[in-house]
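Examining the three-dimensional arrangement
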Amino acid sequence: MLLGDLASADMTFMHSWPELGCVLLQLLLSVSFSQTGEPLCRQLGDSEIPQLYRDGDIKLGGIFYFHSSWKNVESTYERKPLPLQCISINFREIQFAQTMLFAIEEINNRTDLLPGISLGYSIYDTCGSIPRSIKVALALNNRNESVSSNSDTPCTKPVQVQAIVGETSSSPSTAISTLIGPFDIPLISHFATCACLSDKTKYPSFLRTVPSDYYQSRALAHLVKHFGWTWVGAVRSNDDYGNNGIATFTETAEQLGICLEYSVSFFRTDSTEKMQKVINTIKTSTSKVIIAFVAHLDMDVLIHELSNHNMTGYQWVGSEGWISDSQFAAVDKNRILDGAIGVSVPKAHVSGLKEFMFDVRPLRSLNNDLYKEFWETLFSCKFKQEKSDGNYRECTGREDLTGVENSFTDMSLMPIFNNVYKGVYAVAHALHDILGCDKTCNNNVQLDPFTILQRIQKIHFKTKEGEDVYFNENGDPAAKYEILHWQPRENGTLDFVIVGVYDASLPFDKQLSLQNTTLRWAQSSTKVPVSVCSEKCPPGTRKVLQKGKPVCCHDCIRCADGEISNVTDAVICVGCPPESWPNEGRDACIEKEAVFLSYEEIMGILLTAAALFGTCITAIVIVIFFRYRKTPLVRANNSELSFLLLFSLTLCFLCSLTFIGQPSKWSCMLRHTAFGITFVLCLSCVLGKTMVVLMAFKATLPGSTMIKWFGPTQQRLSVLGFTLVQVIICILWLSISPPFPYKNFKEIKEKIILECALGSAVGFWSVLGYIGLLAVLCFVFAFLARKLPDNFNEAKFITFSMLIFCAVWITFIPAYVSSPGNFSVAVEIFAILASTFGLLICIFIPKCYIMLLKPKKNTKKHMMGKAPQKSF
C-alpha cells in the first residue's frame, strides 16, 4: 500500500475523539430525522470547504491528505471542538491531486472522450485523519448544503459527485468505503493496497488501480525464498496496510519454508519507549534480513531511529510503500538501507504530466491558505503579511521551480501518478459509455452512482501510452511488480535498478523472474547476504528439527548405513539398491565390490599352495609305491587299493581348487559333487583296506572261509558300490535343486559376496552324512583290528587317520555355519585339505619311511614276525 499509509483506526480515533464524536452524532441525528418522514434537512456542524474546486457538468470527488498530521488540542467537552489544525505540508499528496487535475483537464480538451461534457472536481484535505476522511466523504455525498424547514426544496437530492478518487492509504479507504458503499458511490484508490479491500461483501463500491497486497506479500515471499533467506524478521506499520500485508506474507512464507524470527509493529506517533522496544528486538535477533512492510510516513520515523542507533549490516526487503521513494536514500546518511531490495509498481510514463506539474503558476489563482502554505514551503519563503523570523526571504508569487530540489520536484513516483491518472480515465470511459457519446453525448441520461459503478467494473481500455486498464471481479487490476534494488555506487550514491519482475498472471514457477546480473549489497559486497537459523544440510545428511524451535532451525544428521541423500536440506535419506552402497560422503550410491575367494588374495594363494603341495606329495608317494610295488610292505597292504586310495587322495587335493575363484553355474555344481564323490571313493578304499586287514587275520583261524567272500573282486565291487551310492545322491541333488551362484548382500553390507548357494540343503547334508557314515565305519573296523598281531598292522594308522578325519569334520560343521561370506568357503577347503593330509600322512608316510629309510624291515620275515603289541 502505501505512500504514507495512515494511522490505524484506534490510533487516530484516540487523537481526534472530539471531532469523531461530532461526526457520529451527525450521522445519528440524520438517521433520526429521516425516520420521521418530515421534509426537514439540517446539516449539523461546520461545512467542509474543498481545498481545490472546479464546477462542471459532471463532478468528481478527490480525497487526499495535503498535510501529514495535525495539532493535538485538549478538549474540555464544554464547547464544540475546534476544527483540526493541519500541519506538515505533504508534497506527495499535492502531486497526486495535480495528477487528477491534469487528467481532468486533458479529458475536457479531448473531442473523442466525453465530447461536449466538462468534468469538474471537489478535492478535500483529510490531514491524515480518519474521522476527517469520513467527514469529507459525507460532504461529497451531501453537497454541503442546509435546507431550512420553510423551504420547499426536497431533502432527497442526487449525490454531489459521481465517483471519488482516493484515498492514498488503506485504513481511511476502509472507513470511507464502509460509509459510501451503501450508496454505491465508486471509490477508486491509487495506492490503498490492503488485501482486505478486495472483499466485495464489505466494500462493494471500492476499486483500485494498484495491485492488492495479497500479491505484493506473495511476491516478497518468493523474493526472499529466491535468495535463500529462510530466517527473517519483520517490521510493519501498525495499521491495515502493515498488519494485513505481513499476515499474508507469513502465510506464504510458511508454505515456502521461510520462518519469521519476530514480527514487530509500530506507528509513527508511538512513544520513544515503544520505538526502543522495536530497536531492541532487531538488535537481539539472529536474523540478518528484515522485511519492512511499512508505510511511507512510518518509514521516515523508522529510519531516524535506526540512524540514531547506527544499525547497519542488515539486509532490508521493502514493500512498495517506500522502496521506490528516492527521498529515503537522501535522508539515510548512515547508509542503513544500502542494498535494499523490494517490489514496486512498474515504471510508467504519462506524457505532459511533468510539465503540467512543474508549472506552478496556475496555483497562484487559488489564493487560499493551502496555496500560501504550499508556496511558502515549496520556495522556502514567507508572504509579506506573515511575520518573518529572519530565516526566510519574502515570497513574490512569481517564483519558479528552476533549481528547486525537493519531494515535489522528484518524479520517482510516476507509477503512482499513473494510477491516479488511470482512475480518472476509468470514470471518464464509464461515463462515455453510459451517456452514449459519439460526436456528442446524451445529456438527458439520468446518472446514478450504481450504474457508473457497474460500468467501471466492466471497462477495458488503453491509455495514450498503450497500457491496458481493467478491473477483475474484486475491483483489482492485474498484479505485476518490478523488483527494485538499491545498488550502492563507489562514489557513495545509490542507483535504483530494476533487476526483475513479478507477474502473478503467469504459472507459479514463472511468476518471479530475476535478471542474471551481479547485485551489489550493503558495503558494496557482491556476496549475497546469509540469513538462516541453521546452515543448510549438505548432501549425505538429513534435517532433524530442533525441539521447541521453528521448522527452519534444525540439526544435520549423517545418513545411516546403506542410505544416502543427494540433495541439500534433505528431509529423509533414501536407501541404496541391493547392488549398491553409499560412498564415503553418503551422497551417492556406488556399485558394491564383488568379493569371493580368489587366486589373487593371500588366503586363496595359501590354500592353492597347500592343495598343490598335497597333490605333489601324493604324486611322490605314488612314485615311491610304484617303485617298491613288489616289496612285501606294498603287496601285504593290498597294492591295488593303495594305488586307488592315492589316486582318490590326489583328486581330493585337486577338488579343493574348484572352491577357489568366482562362482559360476558349473563350478557350483562341480565343487560339491566332486568333493562328495572323491571323498567317498577315498573312504571306500580305506574301508576296503580295513576290512582286508580284518578278514586276513580272521581267515587264519581254523575253519574260517571269510577270505573267500572278500577277495580282490569283492573289494573292487565294494569300492564301486559305496561310490555309486554317493553318485546317485549327487545326481538326485543336481536334478532336483542343484547349487547355483548367489549374491549375498547380507553378510557384509558394503560388499557383495559371490558364493554358491546349496540349492537343496538336504542334498548337501546327505552328501556330508554319507561321508560321515563311511568315516565312522572305517574308524570302527580299524579300531577292532588295531591289536591284531603283525609287525606292521595298517589298522592302527587307519584308526589314527579316521580320528583326525572325524575331528576335522565334526569341527567343520559349526565353523562352516558360523563363518561369514567367503570365509565359509575357506573353512570347507581347509577341512578338505586337513582331512586329506591326515589320511595321506597317517596311512602312507610310515610306509614310505620304512621303504626309503628302513629297507631291512621291508621283508616278509620281518612282517610276519611276532612282537609285543602296544595298546592304545
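Residues numbered from 1 in each chain as written. Predicted model: local features only at pLDDT ≥ 70, side-chain atom pairs only at ≥ 80, totals over all residues. Heavy atoms only, no water.

Considerations on the overall build of the protein
Within the protein one finds 23 helices and 29 strands. Looking at the 872 residues of the protein, the share that counts as buried comes to 51%. For the protein, the share of sequence-separated contacts (at least 6 apart) that also reach a separation of at least 24 residues comes to 71%. Working note: accessible area of the protein is about 40500 Å², and carbon and sulfur atoms make up 57% of it. (Helix = DSSP H or I, 4+ residues; strand = E, 2+ residues; numbered from the N terminus. Buried < 20%, exposed > 50% of the residue type's maximum accessible area, 1.4 Å probe, protein only. Contact = heavy atoms within 4.5 Å. Areas by Shrake-Rupley, 256 points an atom, 1.4 Å probe, with all protein chains shown as cover.)

Overview of the side chain of Asn90
As for its placement among the helices and strands, Asn90 is situated in the loop between β4 (86-89) and α3 (91-108). Among the polar contacts listed, one links the side chain of Asn90 to the side chain of Ser68, at a separation of 3.4 Å. If near-sequence neighbours (up to four positions away) are discounted, Asn90 is found in contact with Tyr65, Phe66, His67 and Ser68. (Polar contact = N/O pair within 3.5 Å; in protein donor to acceptor, adjacent residues only side chain to side chain.)

Examining the confidence of the model for the protein
Low pLDDT means the predicted coordinates in that region are not meant to be read closely. Here the protein averages 83 in pLDDT, and 86% of its residues register 70 or above. In the predicted structure, residues 1-38 sits below a pLDDT of 50 and forms 109 contacts with residues beyond four places in sequence or in another chain. Contacts for the low-pLDDT stretch residues 866-872, under 50 throughout, to residues beyond four places or in other chains number 11 contacts. (pLDDT = per-residue confidence, 0-100.)

Some details on the environment of Leu453
As for its placement among the helices and strands, Leu453 is situated in helix α14 (residues 449-458). Exposure remark for Leu453: the relative accessible area of 4% places this residue in the buried category. In this structure, the C-alpha to C-alpha distance between Leu453 and Leu187, residues 266 residues apart in sequence, is 9.0 Å. For Leu453, the contacting residues outside a window of four places in its chain are Asp184, Pro186, Pro204, Ser205 and Leu207.

Let's talk about the state of the cysteines
A disulfide bridge is the covalent bond that connects two cysteines by way of their sulfur atoms. For the structure shown, the criterion picks out 10 disulfides. Cys194 shares a disulfide with Cys196; S-S distance 2.3 Å. When the S-S torsion is 130°, as for the bridge of Cys194 with Cys196, the disulfide is right-handed. According to the relative accessible area criterion, Cys194 is buried, its value standing at 0%. (Disulfide = S-S within 2.5 Å.)

With respect to unusual backbone geometry
With an omega dihedral of -15°, the bond running from Gly166 to Glu167 counts as a cis peptide bond. Inspection of the secondary structure assignment puts Glu167 in the loop between β6 (164-165) and α5 (170-180). One non-glycine residue with positive phi stands out, namely Leu114, at about 50°. Within the element layout of this structure, Leu114 appears in the loop between α3 and β5 (119-125). Of the residues examined, Leu114 reaches a relative accessible area of 1% and is grouped as buried.

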